[in-house]
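What follows is the residue order along each chain.
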Amino acid sequence: MIKTFRRIFVLLVFFTVFLELSAQQLVQGTVVDLNSSETLPGANVYWQSEPNKGVVSDQNGEFQIPVIQLPDFLVVSFLGYEKSVRLIQEKDLIKPTRFFLLPEDFNLEEVTISERRSDEQIKSLEMGTNRVSLETIKTIPALFGEVDLLRSLQLLPGVQTAGEGTTGLFVRGGSADQNLVQLDGAPVYNPSHFFGFFSVFNPDALDQVELYKGNMPVSFGGRLSSLIDVSLREGNRDRIKGEGGIGTISSRLTIDGPLFSDKSSFVLSGRRTYADLFLRLSSNEDIRNNQLNFHDLSGKSTFYLSEKDKLSVSSYQGRDFLGLDRQFGLGWSNWVSSVNWSRNKSESFFFDLQAYHSNYSYQVEFQDPENGFEWNNYLTETGTKAKWTTLMKNGAEVYWGIHGQLYRFLPIELIPATDSAIQPISTNPKNGLLNNLFAGAKMDLHPRLGMEAGLRWGLYQQMGPGVDYIYENDEPNSDSAVLDSIQYRGLESIKFYQGLEPRLAFRWLLSNRLSIKSAFNRNFQYVQVASNSSAGLPIDRWILAGKYVRPLRSDQISLGVYQNFDGDRWELSVEGYYKDLRNVIDLRNGAQVLFTDQVETEVLTGNGWAYGLEFLARKTIGKTTGWLAYTWSRAWRKVEGISQNQAFNPRFDRPHDLTLVLNHEFSPYWSAGLTFSYTTGQAVTFPIGTYQVDNQSLPIFSDLRNDNRYPNYHRMDASLVWKNPNKGRKWRGSWNFSIYNLYGRKNPFAYEFRQIYNDDITFQPSEGPVTSSRPGIVKTYLFTFLPSITYNFQF
């Protein structure tokens, strides 16, 4: 093994040197606002002699563009700014150059919601990738006026929701735990507040968000369905600035500016609800003593160490707490931190190093002399990632790297109160080490044919300390006897898995406005949730791959057609996909997974598949912008021991999904937003009858799982925004008026099958007065017509 790794290391070093020597010359620079010194991401950069072969500045405003021939004029343009045209000669290749752009008078006819080149959809190799600008997200009508990143992504094709008001995402037939949600490269295990009603991301602190649901870059892995890559923004290096908002249930504040000098900056952002403050105003003591709140705190510091080196440090901490009359308490929290170092070793060779740590925990307390307890759990993921990138003379991009991940799932502990009759519970810890090697390349094989190919190799090791159980016939189930158990010391090997993940994508240009793309992706997932809740709960049981629970695997093929119209003002795309899932787990009927140390006896393993067709029409320029999205899709699971061994639909299977998003600028002062959603009702299992036990009616369920459906879901939201466009003022404010569920649709959140007691009283001579009852169904819905108001400000 040591000799093998030595050989790999020698080959990597040789490959690095070879590529650096053969790399192409580049012009490297940063696009900057002349007035504020803020960098401008998404600026178009191209040679005047080759206007169709440009690049776009990255999230830091930086770009690298291959040299065609010198001297030539380099053009830098950005919406709302004067165009910069500069003569570039050989001497300008020595060091990076800053391009300062001067803001021009704003023209409402050229409002855009896209932060990319207008023809990027046609010419890039990306499939199943969506970017929604933060400005667009802030204009979408929101629940309680709380602008929400994840709820905005639900409006895109191929993304389903868990139900009314929630932020849970189900992407192309995958469950919620199959999405990798990361903040500056660090995974976030529970990205929601208030049991899924709000996401943990404060939009004022964010720079950009990217959703990958098809051709996921080979440098990422660990989840089957999607990557949601969220970046915190960097502070400006000119002066202290701030922004925030005061809303219906929460307020937020973000401050950024230079840290020590113009070579460093910071951003600090906070948000807190005050729902519990209103509870204290109640005259009812039972309500007054309750608590319900969450808070977020995030920060990022950036240091420009030299012209070639940049270092950034990011951290996020968020917590929720629900307390009922000082007797019951439930709290959960995320704390993620990351350090990123970027180095431009030469004009065409780049190195990125990242280290991160993610911690998720929850705690439940019940204050009672006889049955009181404290229940808690912690899990962490620590990782490092190194990536090398080079640009070749022929314009190809080649990258490779290594990614190490350490999982530590601490014991679940139930600690009874001093005089409690409850017995203590403590499970055994679970640990895993995942090392990934990856390499990929993007190139043009022909002026019309582009290709991206890559390979990711995952080496997973479950290791001690821990315990494995030996079952009768080596089959863990609820009826199997435990024959023995094996104790493992720290770092001792328990189970090993490895898997190759090939990624391949092609793009064929039929014209400058029309292209066809196809892709194949394989992904492995070594950590998942064992839960019967589709919406996701703070106490969900995360489990690692081991002896009895194999890693998940998915293979996805996709094919799409992309076209732009009307001078790139309109973008149209149609994508079809088929996904094959292996080693999918589901819970047995009546399974109990929260406190058991033998989770493998409560789950069953099977396979799944999903397929669909996604349509997206998007208008990116003009006074009116937005998109229309429609998805037809199906998701299936087949697990031996469930639904009479027949294929069934998971709860998030919703064949038809339609969304409309519109934003219109009436004037520099007034704008409006409108969203409409329609989707098939979620798949559920309703009772087929009842039986009597001790004078109580209990439901009888069919053996077929999710053979029924809720009614179809639809809702319309609207918002109206007034803002002061005067950029010369030190304080600028705006008002956002939103209405959630504009026409008051009572979409079902849950159904309860029980006895309905009537108001009339009958008299039975042998029994006296009796309250009559009948079996019935009670529907619970959450929100009808719900207005909200938010005041936003900048200074």
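As the structure is a computational prediction, the values presented were derived from the model and not from experiment.

Conventions adopted
Residues numbered from 1 in each chain as written. Predicted model: local features only at pLDDT ≥ 70, side-chain atom pairs only at ≥ 80, totals over all residues. Heavy atoms only, no water. Core = buried A, V, L, I, M, F, W, Y, C linked by side-chain atoms within 4.5 Å. Buried < 20%, exposed > 50% of the residue type's maximum accessible area, 1.4 Å probe, protein only. Helix = DSSP H or I, 4+ residues; strand = E, 2+ residues; numbered from the N terminus. Pairing = 2+ DSSP bridges. Polar contact = N/O pair within 3.5 Å; in protein donor to acceptor, adjacent residues only side chain to side chain. Contact = heavy atoms within 4.5 Å. Phe/Tyr/Trp six-rings, centres within 6.5 Å; stacked < 30°, edge-to-face > 60°. Lys NZ or Arg CZ within 6 Å of the ring centre and 35° of its normal. Patch = residues over 30% accessible without salt bridge, like charges linked within 9 Å, V, L, I, M, F, W, Y side chains within 5 Å. Areas by Shrake-Rupley, 256 points an atom, 1.4 Å probe, with all protein chains shown as cover. Salt bridge = Lys/Arg side-chain N within 4 Å of Asp/Glu carboxyl O.

**Student:** Lay out the nonpolar core with the relevant residues and their values.
**Tutor:** Note on soluble globular proteins: their nonpolar side chains tend to be buried together. Among the nonpolar cores identified, the biggest contains 33 residues, and Leu-153, Leu-183, Phe-201, Leu-206, Ile-228, Val-230 and Trp-627 are the most heavily contacted of them. Sorting the residues of this core by element identifies helix H3 (134–139), helix H4 (149–153), strand S10 (169–171), strand S11 (179–183), strand S15 (206–212), strand S16 (226–232) and strand S39 (624–639) as the ones contributing at least two each. Judged by nonpolar contacts, the second largest core, of 22 residues, contains Tyr-360, Val-364, Phe-409 and Leu-434.

**Student:** Go over the pairing of strand S29 (residues 449–463) with me, naming the residues and quoting the values.
**Tutor:** Of the pairings in the sheet, the one linking strand S28 (residues 430–444) to S29 comprises 14 bridges and is antiparallel in character. The residue of S29 that forms the bridge with Ala-439 is Leu-455. The hairpin formed by S28 and S29 contains 4 residues between the paired strands. Here 15 bridges tie S29 to strand S32 (residues 493–511), and the two strands are oriented antiparallel to one another. Each bridged residue has a counterpart across the sheet, and for Gly-454 the counterpart in S32 is Arg-503.

**Student:** Can you lay out the side chain of Ser-269 for me, pointing to particular residues and giving the numbers?
**Tutor:** Along the chain, Ser-269 turns up in strand S19 (residues 264–273). On the accessibility criterion, Ser-269 (2% relative accessible area) is buried. Separated by 2.9 Å, the side chains of Ser-269 and Asn-202 make a polar contact. A polar contact of 2.8 Å, which involves the side chain of Ser-269, links it to the side chain of Thr-254. What Ser-269 contacts, discounting residues up to four positions off in sequence, is Asn-202, Ala-205, Leu-253, Thr-254, Asp-296, Leu-297 and Ser-298.

**Student:** Can you tell me about the packing of aromatic side chains, naming the residues and giving the values?
**Tutor:** Under the counting rule described, the total for this entry stands at 30 aromatic pairs. Ring centres of Phe-351 and Trp-388 lie 5.2 Å apart, and the angle between their planes is 40°; on these two criteria the pair is classed as tilted. Of this pair, Phe-351 sits in strand S23 (residues 349–366) while Trp-388 sits in strand S24 (residues 373–391), and the two are 37 residues apart along the sequence. Residues Trp-731 and Phe-793 carry aromatic rings whose centres are separated by 5.0 Å and whose planes lie at 10° to one another, so their mutual orientation is stacked. Placement of Trp-731 in the loop between strand S46 (713–723) and strand S47 (732–740) and of Phe-793 in strand S50 (residues 786–794) is noted, with a sequence separation of 62 residues between them. Using a relative accessible area of 41% as the deciding quantity, one classes Trp-731 as partly exposed. Following the ring pairs from residue to residue traces out a cluster consisting of Trp-341, Phe-349, Phe-351, Trp-388 and Trp-400. When the ring centre of Tyr-304 is taken as origin, the NZ or CZ atom of Arg-237, which lies over that ring, is 3.9 Å away. For the cation-ring pair, Lys-517 lies above Tyr-562, with the distance from its terminal atom to the ring centre recorded as 4.5 Å.

**Student:** How would you explain the environment of Glu-492 if you had to name every residue and give the values?
**Tutor:** With respect to the helices and strands, the residue Glu-492 is situated in the loop between strand S31 (482–488) and S32. Residue classification places Glu-492 among the partly exposed residues on the basis of a relative accessible area of 28%. Along the primary structure Glu-492 and Gln-462 are separated by 30 residues, whereas in three dimensions their C-alpha atoms are 8.6 Å apart. Setting aside residues up to four positions removed in sequence, Glu-492 forms contacts with Gln-462, Met-463 and Gly-464. Among the polar contacts listed, one links the side chain of Glu-492 to the backbone nitrogen of Arg-489, at a separation of 2.9 Å.

**Student:** Kindly report on the side chain of Asp-717, identifying the contributing residues and their values.
**Tutor:** Secondary-structure assignment places Asp-717 in strand S46. We classify Asp-717 as buried; its relative accessible area is 2%. Within the structure, Asp-717 has its side chain in polar contact with the side chain of Arg-715 (distance 2.8 Å). Polar contacts involving the side chain of Asp-717 include one to the main-chain amide nitrogen of Asn-741, which spans 2.8 Å. Once residues lying within four places of it in the same chain are set aside, the contact partners of Asp-717 are Pro-141, Gly-673, Leu-674, Thr-675, Ile-739, Tyr-740 and Asn-741.

**Student:** Explain the sheet that holds S11 to me, using residue names and the numbers behind them.
**Tutor:** Pairing between the strands of a sheet comes from backbone hydrogen bonds, and it takes one of two forms, parallel or antiparallel. Strand order in the open sheet made by the 5 strands is S8-S15-S16-S11-S12, with mixed pairing throughout. Single-partner strands in this sheet number two, and they are strand S8 (129–131) and strand S12 (186–187). Relative to S16, S15 is paired through 6 bridges, and the arrangement is antiparallel. Following the sheet pairing, Leu-206 is matched in S16 by Leu-232.

**Student:** A description of the environment of Glu-665 should follow, citing residues and the corresponding values.
**Tutor:** With respect to the helices and strands, the residue Glu-665 is situated in strand S40 (residues 656–665). Each C-alpha atom of the pair Glu-665 and Thr-624 lies 6.6 Å from the other, and the pair is 41 residues apart in sequence.

**Student:** Kindly report on a nonpolar patch on the surface, identifying the contributing residues and their values.
**Tutor:** The grouping of Phe-666, Tyr-669, Trp-670, Leu-720, Trp-735, Phe-737 and Ile-789 at the surface amounts to a nonpolar patch, some 660 Å² of accessible area in total. Position of Phe-737 among the secondary structure elements: in strand S47. Relative accessible area serves as the criterion here: at 35%, Phe-737 is assigned to the partly exposed category.

**Student:** Requested: an account of the pattern of salt bridges, with residues and values cited.
**Tutor:** Taken as a whole and judged by the stated rule, the model has 27 salt bridges. Note that Glu-243 and Arg-233 form a salt bridge whose closest N and O atoms lie 3.3 Å from each other. Residue Glu-243 is located in strand S17 (residues 241–246), and its partner Arg-233 is located in the loop between S16 and S17; the two are separated by 10 residues in the primary sequence. Neither Glu-243 nor Arg-233 differs from the other in exposure class; each is buried.

**Student:** Describe unusual backbone geometry, and please don't skip the residues or the numbers.
**Tutor:** Residues other than glycine predominantly adopt negative phi, and peptide bonds predominantly adopt the trans conformation. The linkage connecting Gly-464 with the following residue, Pro-465, adopts the cis geometry, with an omega of 5°. Along the polypeptide, Pro-465 turns up in the loop between S29 and strand S30 (466–471). A positive phi angle, close to 55°, is found at Asp-474, a residue other than glycine. Along the chain, Asp-474 turns up in the loop between S30 and S31. Non-glycine residue Asn-583 carries a positive phi angle of around 65°.

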